[in-house]
Number of protein chains: 2
Amino acid sequence: MDAYWRASNYLSVGQIYLLDNPLLSEPLKREHIKPRLLGHWGTSPGLNMLYVHLNRVIKRDDLEMMYVIGPGHGGPSLVAHAYLEGTYSEVYPDISQDAEGLRKLFKQFSFPGGIPSHVAPETPGSIHEGGELGYALSHAYGAAFDNPELIVACVVGDGEAETGPLATGWHGNKFLNPARDGCVLPILHLNGYKIANPCFLARIPREELQKFFEGMGYAPLFVEGHDPADVHQQLAAALDTALADIRRIQTDARVNGNLKRPAWPMIVFRTPKGWTCPAEIDGKKCEDYWRSHQVPMGDMDKPEHIRILEGWMKSYRPEELFDGDGRLTAELAALAPTGRRRMSDNPHANGGLLLRDLKMPDFRDYAVAVQSPGAATAESARVMGSYLRDVMKLNLKSGNFRLFSPDENNSNRWQDVLEVTDRCFMADIYPEDDHLSPDGRLMEVLSEHQSQGWLEGYLLTGRHGFFSCYEAFIHIIDSMFNQHAKWLKVCNEIPWRRPIASLNYFLSSHVWRQDHNGFSHQDPGFIDHVVNKKADIIRVYLPPDANTLLSVTDHCLRSRNYINVVVAGKQPSPQWLTMDQAVKHCTEGLGIWEWASNDKGCEPDVVMACCGDVPTLETLAAVQLLREHLPELKVRVINVVNLMKLQPSGEHPHGLPDRDFDALFTKDKPIIFAFHGYPWLIHRLTYRRTNHANLHVRGYKEEGTTTTPFDMVVLNHLDRFHLVEDVIDRLPQLGARAAYFKQAIHERLIDHRHHIEKYGEDMPVISGWKWGAGSAGKAQGTSTKGDNV
Amino acid sequence: MDAYWRASNYLSVGQIYLLDNPLLSEPLKREHIKPRLLGHWGTSPGLNMLYVHLNRVIKRDDLEMMYVIGPGHGGPSLVAHAYLEGTYSEVYPDISQDAEGLRKLFKQFSFPGGIPSHVAPETPGSIHEGGELGYALSHAYGAAFDNPELIVACVVGDGEAETGPLATGWHGNKFLNPARDGCVLPILHLNGYKIANPCFLARIPREELQKFFEGMGYAPLFVEGHDPADVHQQLAAALDTALADIRRIQTDARVNGNLKRPAWPMIVFRTPKGWTCPAEIDGKKCEDYWRSHQVPMGDMDKPEHIRILEGWMKSYRPEELFDGDGRLTAELAALAPTGRRRMSDNPHANGGLLLRDLKMPDFRDYAVAVQSPGAATAESARVMGSYLRDVMKLNLKSGNFRLFSPDENNSNRWQDVLEVTDRCFMADIYPEDDHLSPDGRLMEVLSEHQSQGWLEGYLLTGRHGFFSCYEAFIHIIDSMFNQHAKWLKVCNEIPWRRPIASLNYFLSSHVWRQDHNGFSHQDPGFIDHVVNKKADIIRVYLPPDANTLLSVTDHCLRSRNYINVVVAGKQPSPQWLTMDQAVKHCTEGLGIWEWASNDKGCEPDVVMACCGDVPTLETLAAVQLLREHLPELKVRVINVVNLMKLQPSGEHPHGLPDRDFDALFTKDKPIIFAFHGYPWLIHRLTYRRTNHANLHVRGYKEEGTTTTPFDMVVLNHLDRFHLVEDVIDRLPQLGARAAYFKQAIHERLIDHRHHIEKYGEDMPVISGWKWGAGSAGKAQGTSTKGDNV
Ligand SMILES: Cc1ncc(C[n+]2csc(CCOP(=O)(O)OP(=O)(O)O)c2C)c(N)n1
Ligand SMILES: Cc1ncc(C[n+]2csc(CCOP(=O)(O)OP(=O)(O)O)c2C)c(N)n1
Ligand SMILES: [Mg+2]
Ligand SMILES: [Mg+2]
């Protein structure tokens with residue numbers, strides 16, 4: 001085992017340093033060494049030691065185990081093991097198991113045209129890049145859910161442990177059901193240092209550290225030392241204990257039905273950073289110090305450094321490890337598991353291999369009946385919830401679908417799913433608790449990071465899910481989204497990576513309807529963030545009503561390798577399209593709403609475009625005003641449900657060809673575009689379009705507070721009155737008559753202000769407005785009371 | 001005390017429900033109640049009880065105390081106390097301390113034209129909005145740093161405690177120096193529930209919870225109960241113990257010089273959510289349950305609900321609390337502290353009151369000598385670090401300047417600051433540790449959330465700082481940035497809020513030079529995110545070299561109420577401007593570089609614009625190629641350092657007037673714009689400009705991996721060769737000659753690829769390229785070894 005460890009250490013150093021002479025069969029020279037040295041040594045020896053010992057128990061007990069590495073900069077280590085186990089050559093035949101393969105393996109690492117320095121999608125057996133630190137435990141728990149036979153060994157860097165997401169990641173144990181789910185074995189890699197600082201967990205008393213983990217509900221096992229032989233013994237013993245505990249817990253749950261939350265084992269692995277590298281280099285402490293974090297010796301033009309490197313590598317005694325041909329000796333090779341038991345070949349780590357389609361009810365069955373546009377009222381989110389309830393129901397047996405939300409499931413009006421499943425909870429449950437159980441498939445924890453991380457882990461291992469979140473707070477996981485989008489982009493370029501289910505976001509409680517809350521809860525900018533990523537990964541939908549939302553939801557759940565962002569409201573609002581119309585509209589992605597337009601058969605004077613539920617409502621109300629007061633005006637109404645349609649077809653696969661865009665939006669007529677988000681996003685998507693100069697966009701411009709729904713749109717000039725004014729301002733041909741109309745409109749806005757300041761709610765003519773009913777209207781309450789029932 | 005508590009509870013309920021009849025002097029009717037009920041009751045009674053007890057010890061011991069409320073939806077509570085203490089009426093005279101004032105106080109809450117539902121900037125005594133949960137402890141520690149007399153009582157919601165940022169927030173105690181800093185008294189508000197779920201910390205055994213806090217280095221004190229009288233006793237005792245402990249720790253540190261990390265006290269406050277509201281409503285459990293989270297009873301059209309509300313409010317016995325005039329009885333009023341000792345009037349919570357300017361060295365003294373453009377080489381970030389070292393030095397005595405970084409200070413090349421201060425660390429320190437001490441003013445912890453939260457807390461209480469971060473990972477705090485930007489925007493509208501120092505970001509190790517890392521570390525999108533916020537808050541600078549960076553840094557440290565984002569590299573690179581030129585260039589924000597242009601006295605054929613250090617280098621290299629091969633071509637080079645200059649002056653205060661923009665960028669010539677970030681951001685900023693149709697932008701388009709610096713720009717088509725090709729493609733007048741040139745350029749790109757794949761580093765003609773030196777060049781190494789020294 002120590003020899004196998006030495007072999008992986010040797011390969012790790014070799015990848016960082018060597019261009020050639022991989023077996024050190026001749027004296028090491030400058031030209032054998034890479035000119036630019038890029039990579040991270042410090043974490044690798046510890047990861048290697050852990051890997052070797054996990055292999056021992058996998059083989060002994062025939063375990064299904066995965067390895068998630070928090071400090072993903074330990075790429076050399078995982079590549080080394082995948083290579084030693086043979087997986088690497090199976091996947092990349094060019095990197096063969098001989099001296100030539102070894103040379104290529106070394107050269108390609110962090111080298112142009114080669115592989116990245118991190119545990120990237122290119123690395124077999126990985127679901128976790130670990131470039132941005134903090135998500136290891138969330139990913140590990142996500143992978144373990146609904147995989148009862150799986151053990152996810154999850155290494156946490158002691159630096160990583162200082163991040164927020166990781167700090168809450170430990171609490172995954174309050175949501176892991178020992179009967180239904182697999183298990184996570186966290187291993188704190190307490191090597192004492194991060195890039196250039198000690199880690200605080202390494203500098204608190206041992207008893208404090210012990211309490212830290214016990215307080216988080218674990219039973220910590222300590223493995224501590226500098227001497228490899230000693231640590232080998234300790235680690236083997238700790239792993240034996242851990243596995244026995246896991247088996248005991250699982251048996252107790254599965255056989256005896258004991259679902260009390262157990263204290264799962266975890267391991268504190270305190271060993272030197274950069275272990276086995278030179279203790280000092282140029283008189284400076286290196287091993288067991290942060291200087292070993294990246295490349296312990298940078299300047300290889302110094303001959304003495306070449307000697308040091310050679311000595312260091314030879315200290316692993318490569319001649320005992322590899323035969324003359326560069327192949328791992330048979331005796332060592334026999335220590336590793338084989339086939340799918342190799343952690344580098346675990347199918348869970350290439351989730352697409354295991355992915356099964358969801359059983360799907362027909363979304364049309366959930367349609368809201370819409371006699372005529374605007375006649376019906378519904379809470380879109382709630383309708384979606386009832387559909388998801390049945391998706392959940394149909395897949396309960398397969399156990400491959402979960403919903404995730406940071407304590408907002410009901411607030412985002414998906415409460416119907418509670419009819420078929422519970423909220424998952426492994427801590428104490430009281431009689432008065434509502435739909436709470438260890439078997440729940442609704443994952444609610446007040447952490448966007450944890451929700452996102454769990455979902456990613458779940459998807460990457462071949463399952464399905466949906467994440468519902470307040471629109472403003474989804475920014476909390478902006479950077480996690482980035483990393484997942486980048487992961488998917490790279491996977492698309494790797495033939496052996498199989499497609500996985502898309503990551504689906506449902507953003508509700510959106511900027512326009514933050515009733516209980518105010519300015520801090522208003523931010524529609526996640527879409528802006530999302531569209532920076534590769535077009536072939538990104539999809540953004542803003543369905544204007546429940547039937548379009550149903551159609552979009554169905555589509556998202558069937559799609560693969562995307563990130564789908566769906567934004568829609570939860571408040572009662574008018575419904576525009578029948579299911580039939582909705583399906584067609586969603587298939588097109590955008591289109592003229594004929595029933596709202598009056599330009600058929602001629603050129604429009606103005607195009608009124610809208611995207612998002614609230615902007616659609618305001619646009620239609622504006623159109624009604626226009627048609628009432630300026631009946632000769634030809635108005636075309638376009639609704640956009642698939643935002644990416646606006647981009648040129650060269651920039652996004654969904655993009656509308658210029659020809660079609662010109663036909664819809666005209667080449668020279670004013671376009672008044674009412675948008676859900678920040679207005680410039682529409683400019684950004686359309687600046688190459690012919691008629692861009694005539695495009696006038698209204699949207700959110702950071703004005704808002706706790707006020708009425710209509711006042712929110714007024715504050716941001718997205719309301720019907722401002723939209724009408726925008727039209728008038730852009731149509732000089734309207735002439736003098738328009739002046740009166742404009743004045744009347746201003747008066748309405750003043751009425752509005754007076755009314756809400758007096759009564760605290762919108763004027764009945766606003767809240768009761770209905771399409772086609774003329775300007776009169778009957779007040780319609782907005783509901784806030786449902787928000788936490 | 002119980003009466004004072006009842007008074008604040010009464011006011012909290014009143015704010016949520018009442019429009020009129022504030023003293024319940026007549027029977028409660030429907031019209032006394034708001035039509036829309038918005039707000040959060042559940043957390044308020046607990047917050048109120050804590051406030052009252054803190055008041056007792058403040059008064060007894062004459063303490064300087066601040067209150068940070070994690071669950072900021074407890075706005076009614078803090079407003080109630082500010083009102084009871086008189087601060088509210090001092091700040092808002094219209095809300096007087098009589099029945100009429102009370103009526104207005106109630107009405108304005110969550111009402112159009114009134115105040116937000118949360119602890120907003122409008123709330124006197126607050127620095128923490130708490131709308132987005134998770135940052136309470138980071139803010140509290142930031143406020144306590146360098147404020148030795150201050151005690152920050154920090155309430156953490158038990159739901160909030162599940163978030164990542166809060167989970168690592170506890171560890172602030174490893175960085176708080178009891179001699180130099182004030183103290184944070186965390187109070188876990190264990191009311192059991194969040195919006196619609198129990199909290200896991202409320203559902204683990206008491207011993208586990210105790211270990212949880214002991215493991216995090218605290219000495220927890222438990223206060224637990226349902227019976228107010230009993231809890232009053234327990235809480236009073238716990239606070240007495242806590243304050244005695246704090247005094248003991250501080251004395252030990254300050255008098256005896258004991259700087260060993262103490263176990264600071266904290267309080268676990270386990271009381272019912274919604275305490276004192278009806279136990280059940282409509283047969284459903286309300287008090288001590290999540291149903292009390294927002295508005296316990298929504299539908300007030302039911303007469304029985306009106307009766308319940310009246311009974312509930314009368315249970316506080318208002319007639320004993322307020323005199324006939326609606327004024328708090330003198331006896332009760334005397335329980336609160338007075339003047340600046342009132343938590344609602346603590347000057348630290350209006351940091352601008354205490355802000356003192358930094359002593360600043362003359363940044364010109366740190367200038368890199370630049371004989372001619374490109375002649376000198378420097379690491380911009382490093383030069384900035386030497387300047388910051390002296391800013392630090394000059395302000396050591398005032399103790400009002402700190403630097404923050406997630407373990408990246410040296411990696412971002414600010415290591416010179418370690419010459420005058422240390423890294424702050426309160427855990428164990430070993431002899432081999434490097435510049436680590438309890439007195440350090442460089443705050444390094446591997447958490448972007450913690451760094452950001454500390455800095456915000458530090459700034460909001462009137463001090464100064466700078467945050468250095470890898471460009472890609474600053475997205476981790478996107479949402480925290482949002483909240484701070486929103487806070488500043490609102491403060492600008494509140495006359496009594498005094499300006500505070502700007503929040504300064506230095507983003508280095510940027511997308512173009514992620515040497516050790518790869519794709520996961522490449523994301524220049526933070527700027528895109530930033531520009532969504534209000535123009536009067538946001539500033540973005542991309543200085544092309546060290547001298548411009550110095551000038552920008554000086555400017556940022558002097559500015560107030562902004563968020564400044566500065567992006568610049570850390571690698572050795574050519575220096576373009578003398579200090580004199582740099583100051584002028586930064587003052588203008590953008591301008592023609594005459595020495596690089598050859599269009600003086602005539603119209604240019606093409607404008608080559610650039611923004612960011614790497615794009616500037618590539619643009620100049622492209623210009624040199626053009627001028628060498630197509631000498632008759634008139635090229636104008638424009639460099640942009642202040643990104644906001646590109647916006648129209650109507651949209652950003654820095655925006656260039658259209659006239660000036662047209663003069664610089666011409667009305668009709670092609671513009672090739674090389675940009676540091678995502679290219680569409682430039683389109684977004686300029687789409688209204690006359691010449692926008694001729695603008696062609698190159699930037700990052702999500703291509704990249706671990707490769708050479710030049711290859712990164714090639715992969716994204718931002719390199720000199722692609723830029724030259726862009727010019728050729730846009731100037732048909734170049735005709736046939738250009739074809740040969742273009743072919744030559746393609747060949748260079750092929751050479752490049754072959755070279756790097758063979759040698760792993762850039763061709764000497766690329767890495768050694770110098771402005772004005774012709775196409776030959778001498779290789780210049782890139783340095784990666786400095787990254788963790
Ligand atoms: C979120 C985040 N912030 C900063 C970094 C930069 N960084 C890369 S490695 C590292 C130190 C990691 O230390 P640790 O987790 O202890 O790993 P190990 O010691 O095993 O290398 C840091 C700060 C990062 N990768 N991710
Ligand atoms: C980051 C974040 N996610 C979600 C929410 C939505 N939210 C508002 S209040 C709340 C529950 C808060 O519970 P807790 O912290 O226990 O506060 P308390 O019980 O004192 O009201 C949630 C999830 C939020 N405000 N912030
Ligand atoms: Mg470490
Ligand atoms: Mg709570």
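Residues numbered from 1 in each chain as written. Chains lettered and ligands numbered in written order. Predicted model: local features only at pLDDT ≥ 70, side-chain atom pairs only at ≥ 80, totals over all residues. Heavy atoms only, no water.

Draft legend 1. A look at the overall build of chain A. Helix and strand counts for chain A stand at 25 helices and 22 strands. Here the C-alpha atoms of chain A give a radius of gyration of 30 Å, agreeing with the 28 Å that 2.2 N^0.38 yields for 789 residues. In terms of overall dimensions, chain A has a C-alpha envelope of 95 × 65 × 45 Å along the principal axes. Evaluated residue by residue, chain A yields a buried proportion of 71% over its 789 residues. Sequence separation of 24 or more characterises 77% of the internal contacts of chain A that already satisfy a separation of 6 or more. Summed over all atoms, the accessible surface of chain A reaches about 22,700 Å², with 51% contributed by carbon and sulfur. Taking the average place of the 82 positive charges on the side chains of chain A and the average place of its 99 negative ones, the gap between the two points comes to 2 Å. (Helix = DSSP H or I, 4+ residues; strand = E, 2+ residues; numbered from the N terminus. Rg over C-alpha atoms; globule rule 2.2 N^0.38 Å. Buried < 20%, exposed > 50% of the residue type's maximum accessible area, 1.4 Å probe, protein only. Contact = heavy atoms within 4.5 Å. Areas by Shrake-Rupley, 256 points an atom, 1.4 Å probe, with all protein chains shown as cover. Lys, Arg positive; Asp, Glu negative; His and termini not counted. Charge placed at Lys NZ, Arg CZ, Asp CG, Glu CD.)

Draft legend 2. Fine view of the interface of chain B and chain A. With 130 residues of chain B in contact, the opposing surface of chain A contributes 130 residues. Carbon and sulfur atoms supply 54% of the area buried between chain B and chain A, which totals about 11,000 Å² over both sides. Our count for the chain B to chain A interface comes out at 16 salt bridges. Close ionic contact of Glu702(B) with Lys486(A) constitutes a salt bridge, the shortest N to O distance being 3.3 Å. Those elements that place two or more of their residues in the side of chain B that touches chain A are helix H7 (164–169), helix H8 (206–215), helix H15 (478–491), helix H16 (526–530), helix H21 (680–686) and helix H24 (737–759) of chain B. (Buried area = accessible area lost by both parts, 1.4 Å probe. Salt bridge = Lys/Arg side-chain N within 4 Å of Asp/Glu carboxyl O.)

Draft legend 3. Seen up close, the pattern of salt bridges. Enumeration according to the criterion identifies 115 salt bridges over all chains in this entry. We note a salt bridge from Glu379(B) to Arg413(B), for which the minimum N-O separation is 3.2 Å. With Glu379(B) in strand E8 (residues 376–379) and Arg413(B) in the loop between strand E9 (401–405) and strand E10 (423–424), this pair connects stretches of sequence that are 34 residues apart. Across the pair Glu444(B) and Arg423(B) runs a salt bridge whose closest N-O atoms are separated by 3.3 Å. Of this pair, Glu444(B) sits in strand E12 (residues 442–444) while Arg423(B) is found in strand E10, placing the two residues 21 residues apart along the sequence. Judged by its relative accessible area of 2%, Glu444(B) is buried. Through salt bridges with shared partners, one network takes in Arg56(A), Arg60(A), Asp61(A), Asp240(A) and Arg247(A).

Draft legend 4. Quick look at the coordination of the magnesium ion (ligand 4). In the first shell of the magnesium ion (ligand 4), the protein supplies Asp158(B) (OD), Asn191(B) (OD1) and Tyr193(B) (O), at 2.1 to 2.2 Å from the metal. Read N to C, the donor residues that coordinate the magnesium ion (ligand 4) are spaced as D-x32-N-x1-Y. (Donors = N, O, S within 2.8 Å, 3.2 Å for Na, K, Ca; no water.)

Draft legend 5. Representation of the nonpolar core. The biggest cluster of nonpolar side chains holds 368 residues, and the ones touching the most others in it are Tyr17(A), Leu643(A), Tyr17(B) and Leu643(B). With residues near it in sequence (within four places) discarded, Tyr17(B) still touches His32(B), Ile33(B), Lys34(B), Leu37(B), Val295(B), Pro296(B), Met297(B), Met300(B), Leu309(B) and Trp312(B). Core analysis: the second largest hydrophobic core is formed by 87 residues, Phe506(A), Leu718(A), Leu731(A) and Trp769(A) among them. (Core = buried A, V, L, I, M, F, W, Y, C linked by side-chain atoms within 4.5 Å.)

Draft legend 6. Expanded view of the site of ligand 1. Of all residues adjacent to ligand 1, which total 24 residues, the nearest are Thr43(A), His73(A), Asp158(A), Lys273(A) and Glu448(B). In this structure, ligand 1 sits where chains A and B come together, each supplying nearby residues. Between an oxygen atom of ligand 1 and a side-chain N or O atom of His73(A), the distance comes to 2.7 Å. Between Glu448(B) and ligand 1, the recorded distance is 2.6 Å, taken from a side-chain N or O atom to a nitrogen atom. In isolation ligand 1 exposes 590 Å². Once the protein is present, 98% of that is buried. (Near = heavy atom within 4 Å. Polar contact = N/O pair within 3.5 Å; in protein donor to acceptor, adjacent residues only side chain to side chain.)

Draft legend 7. Expanded view of the site of ligand 2. Surveying the vicinity of ligand 2 reveals 24 residues, the closest of which are Glu448(A), Thr43(B), His73(B), Asp158(B) and Lys273(B). Mapping the residues near ligand 2 onto chains gives chains A and B. The contact in question runs from an oxygen atom of ligand 2 to an N or O atom on the backbone of Gly159(B), over 2.7 Å. Tyr193(B) is positioned such that a nitrogen or oxygen atom in its backbone is 2.8 Å from an oxygen atom of ligand 2. Relative to its unbound accessible area of 590 Å², ligand 2 is 98% covered by the protein chains. Along the lines of polarity and charge, the residues of the shell around ligand 2 split into 9 nonpolar, 7 polar and 8 charged. (Nonpolar A, V, L, I, M, F, W, Y, C, P; charged D, E, K, R; others polar.)

Draft legend 8. Quick peek at the packing of aromatic side chains. If you walk through the whole model with that rule in mind, you get 68 aromatic pairs over all chains. Summarising the aromatic geometry, the rings of Phe673(A) and Phe675(A) are spaced 6.4 Å apart at their centres and angled 75 degrees between planes, so their arrangement reads as edge-to-face. With a centroid separation of 5.9 Å and 85 degrees between ring planes, the pair formed by Trp512(B) and Tyr700(B) is classed as edge-to-face. One end of the pair, Trp512(B), is in the loop between strand E14 (503–508) and H16; the other, Tyr700(B), is in the loop between strand E22 (695–698) and helix H22 (709–715), with 188 residues separating them in the sequence. Across the pair, Tyr700(B) and Trp512(B) agree in class, each one buried. Every member of this aromatic cluster is reached through a ring pair, and the members are Phe145(A), Phe175(A), Phe425(A), Trp454(A) and Phe200(B). Of note, Arg291(A) hangs over the ring of Trp290(A), and the distance from its end group to the ring centre comes to 5.1 Å. Here Lys489(A) stacks its cationic end above the ring of Phe519(B), 4.8 Å away from the centre of that ring. (Phe/Tyr/Trp six-rings, centres within 6.5 Å; stacked < 30°, edge-to-face > 60°. Lys NZ or Arg CZ within 6 Å of the ring centre and 35° of its normal.)

Draft legend 9. Expanded view of the relation of the copies chain B and chain A. Overlaying chain B on chain A yields an RMSD of 0.0 Å, the required transformation being a rotation through 180 degrees with an accompanying axial translation of 0.0 Å. Such values leave the two copies arranged in the relation of a two-fold axis. Within chain B, the C-alpha atom positioned nearest to the axis of rotation is that of Gly164(B), 2.0 Å from it. With an isologous cut-off of 70% or more, the 100% of interface residues of chain B that recur at the interface of chain A puts this contact in the isologous class. (Least-squares fit on C-alpha atoms with pLDDT ≥ 70 in both.)

Draft legend 10. Expanded view of the state of the cysteines. The full count for this structure, using the stated rule, is 0 disulfides over all chains. For the unlinked cysteine Cys491(A), the closest cysteine sulfur is that of Cys154(A), found at 19 Å. Not part of a disulfide, Cys199(B) finds its nearest cysteine sulfur in Cys424(A), a span of 16 Å. Look at Cys199(B) and you get buried, because its relative accessible area is 0%. (Disulfide = S-S within 2.5 Å.)

This is a description of form; function is not addressed.
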